[in-house]
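Observations on the model geometry
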Amino acid sequence: MTDLTQIEKRDLLYKGKAKEMFTTNDPDIMWVHYMDQVTAFNGKKKVQMAGKGQTNCEISALIFTDLAKHGIENHFIKQLDANNQLVKRVKIIPLETVVRNFASGSFEKRFAVKHLLKFDKPITEFYYKSDELDDPFINDFEVEALKIATEDQMNQIRAIALMVNNRLKEIFDKMAIDLVDFKVEIGIDRDGKLILADEISPDSCRLVDRKTKKSLDKDVFRKGLGELVPVYKELLGRLEKVEGVN
């Protein structure tokens, strides 16, 4: 691996809804830029928001660093500045893995259950990553039939997601916040190992303050509940105070 002080940003490889991915002078390292952009409903609602990229970049860096300390390998290498990180290059498996601890969002609508119904144990769901198809729900048998991932890989993905869930609940419990649900993406590194990738931030989690019951995530934007960036900054401030995370 190249000396991190010598890493140079090269070509734009991918531009998503919230991040840009650039190649570097090291083939195994990617440069990630967190954009000041927020989207909802699979990109149908999109707004530029100053400070949003920086806050998500910092939150994700803190969480990835903590997860690595707790034995959950991930792609994060280093935060360069307010909006930029270095990460390991991986091949993303085109699945969004969702873990639900409480009923909300699409689950609540599909099954007409009470908002924030607490489950006895977490529910794991998978969605096929496709903007064209609007990220449809997909089960293990369909994943294997389409050769998206093997049975063994699906077992590993589920295990990683539940490990992440356990640690995130511990972190947010110290902040008096309920982790309603979250999504993760898994990538395959150069050695063929499955590791956690993408980001973990209030863009990808649903978080509810236990006392006020207010949302501390992108639902503020989805539902038009107020200014988003101050909410993200509040979450970052509380996260930075958690012993062992900062």
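Details of the structure are given in the entry above.
Described below are features of the structure shown in this document. Residue positions are given per chain, counting from 1 as you read along its sequence in written order. Local features in this predicted model are restricted to residues of pLDDT 70 or higher, and side-chain atom pairs are both shown and tallied only at a pLDDT of 80 or more, whereas totals for entire chains, interfaces and linings draw on every residue. In computing side-chain values, all of the structure's heavy atoms are included and hydrogens and water are not.

Each aromatic pair joins two rings of Phe, Tyr and Trp (for Trp, the six-membered one) with centres within 6.5 Å, and gets the label stacked for planes under 30 degrees apart, edge-to-face for over 60, and tilted for any other angle. Going through the model one piece at a time under the given rule, you end up with 4 aromatic pairs. Judged by centre distance (4.8 Å) and plane angle (50°), the rings of phenylalanine 107 and phenylalanine 111 are tilted. A residue pair is termed a helical-turn pair when its members lie 3 or 4 positions apart in one helix, as phenylalanine 107 and phenylalanine 111 do in helix 2 (residues 105-111) at 4 residues. A 1.4 Å probe rolled over the protein chains alone gives each residue an accessible area, and that area as a share of the maximum for its type sets the label: buried under 20%, exposed over 50%, partly exposed in between. A relative accessible area of 10% places phenylalanine 107 in the buried class. On the accessibility criterion, phenylalanine 111 (48% relative accessible area) is partly exposed. Ring centres of phenylalanine 107 and phenylalanine 119 lie 5.1 Å apart, and the angle between their planes is 70°; on these two criteria the pair is classed as edge-to-face. Of this pair, phenylalanine 107 sits in helix 2 while phenylalanine 119 is found in strand 10 (residues 118-128), placing the two residues 12 residues apart along the sequence. What links up through ring pairs into an aromatic cluster is the set Phe107, Phe111 and Phe119. Consider the ring centre and the ring normal. A charge sits over the ring if Lys NZ or Arg CZ is within 6 Å of that centre and within 35 degrees of that normal. The ring of tyrosine 34 carries lysine 19 above its face, with NZ or CZ at 5.8 Å from the centroid. Lying across the ring of phenylalanine 221, lysine 45 places its NZ or CZ 4.4 Å from the centre. Elements are defined by DSSP. Helices are runs of H or I of four residues or more, strands are runs of E of two residues or more, and each kind is numbered from the N terminus.

Right, let's talk about the sheet that holds strand 1 (residues 9-15) for a bit. Think of it this way: DSSP has to see at least two bridges between two strands before they count as a pair. Read from one edge of the open sheet, 5 strands run 1-2-3-7-6, paired in antiparallel fashion. What marks the edges here is a single partner per strand, and that holds for strand 1 and strand 6 (76-79). In this sheet, neighbouring strand axes are inclined to one another by 30° on average, regardless of whether the strands run parallel or antiparallel. Note: strand 6 against strand 7 (residues 84-88), 3 bridges, orientation antiparallel. Every axis in this analysis is a line fitted to C-alpha atoms, fitted for helices over the stretch in contact. Angles between the N-to-C directions lie between 0 and 180 degrees.

Quick look at helix 1 (residues 52-69) now. Each turn of an α-helix holds 3.6 residues, which means side chains three or four residues apart point in the same direction. What a helix should span is 1.5 Å times the count of its residues minus one. Given a rise of 1.5 Å per residue, 18 residues ought to cover 26 Å, and the 26 Å separating the end C-alpha atoms of helix 1 matches this to within 8%. A large share of helix 1 lies buried, amounting to 13 of its 18 residues. The first or second residue beyond helix 1 is glycine 71, which carries a positive phi of 85°.

In the contact formed by helix 1 and helix 6 (residues 228-240), the axes pass within 10 Å of each other and the chain directions differ by 25°. Classified by the angle between their axes, helix 1 and helix 6 sit roughly parallel to one another. Crossing of helix 1 over helix 6 shows left-handed handedness. Taken together, the residues of helix 6 that come into contact with helix 1 (itself represented by Lys52, Thr55, Asn56, Glu58, Ile59, Leu62 and Ile63) are Val229, Tyr232, Lys233, Leu235, Leu236, Leu239 and Glu240. Its residues assigned to classes, the contact of helix 1 with helix 6 comprises 8 nonpolar, 2 polar and 4 charged. Geometric relationships in this document are graded by angle, where less than 35 degrees denotes roughly parallel, more than 145 denotes roughly antiparallel, 65 to 115 denotes roughly perpendicular, and other angles denote oblique. By definition, turning the near helix anticlockwise from the far helix through less than a right angle yields a left-handed crossing, and turning it clockwise yields a right-handed one. In what follows, a contact means two residues having at least one pair of non-hydrogen atoms within 4.5 Å. Residue classes follow a fixed rule: Ala, Val, Leu, Ile, Met, Phe, Trp, Tyr, Cys and Pro count as nonpolar, while Asp, Glu, Lys and Arg count as charged, and any other residue, Gly among them, counts as polar.

The next point concerns the nonpolar core. Formed by 50 residues in total, the largest nonpolar core has its most connected members in Val164, Leu168, Phe172, Leu196 and Ile200. A total of 8 residues in this core trace back to one element, the largest contributor, which is helix 4 (residues 151-173). Each of two domains, domain 1 (4-89) and domain 2 (92-227), supplies a minimum of three residues to this core. The residues touching leucine 196, leaving out its near neighbours within four places in the chain, are Phe64, Leu67, Ile72, Glu73, Asn74, His75, Val164, Val184, Glu185 and Ile186. Residues enter a nonpolar core if they are buried and are Ala, Val, Leu, Ile, Met, Phe, Trp, Tyr or Cys, with the set joined through side-chain atoms within 4.5 Å. Met21, Val32, Tyr34 and Val87 belong to the second-largest nonpolar core, a separate cluster that totals 6 residues. Segmentation of the chain into domains, including their bounds, is taken from an automatic or database domain assignment.

All right, on to the state of the cysteines then. A pair of sulfur atoms, both from cysteines and within 2.5 Å, is called a disulfide here. With the rule as written, the count across this model stands at 0 disulfides. Among the cysteines around cysteine 205, which has no disulfide bond, cysteine 57 carries the closest sulfur, lying 15 Å off. Under the relative-accessibility criterion, cysteine 205 is labelled buried at 4%.

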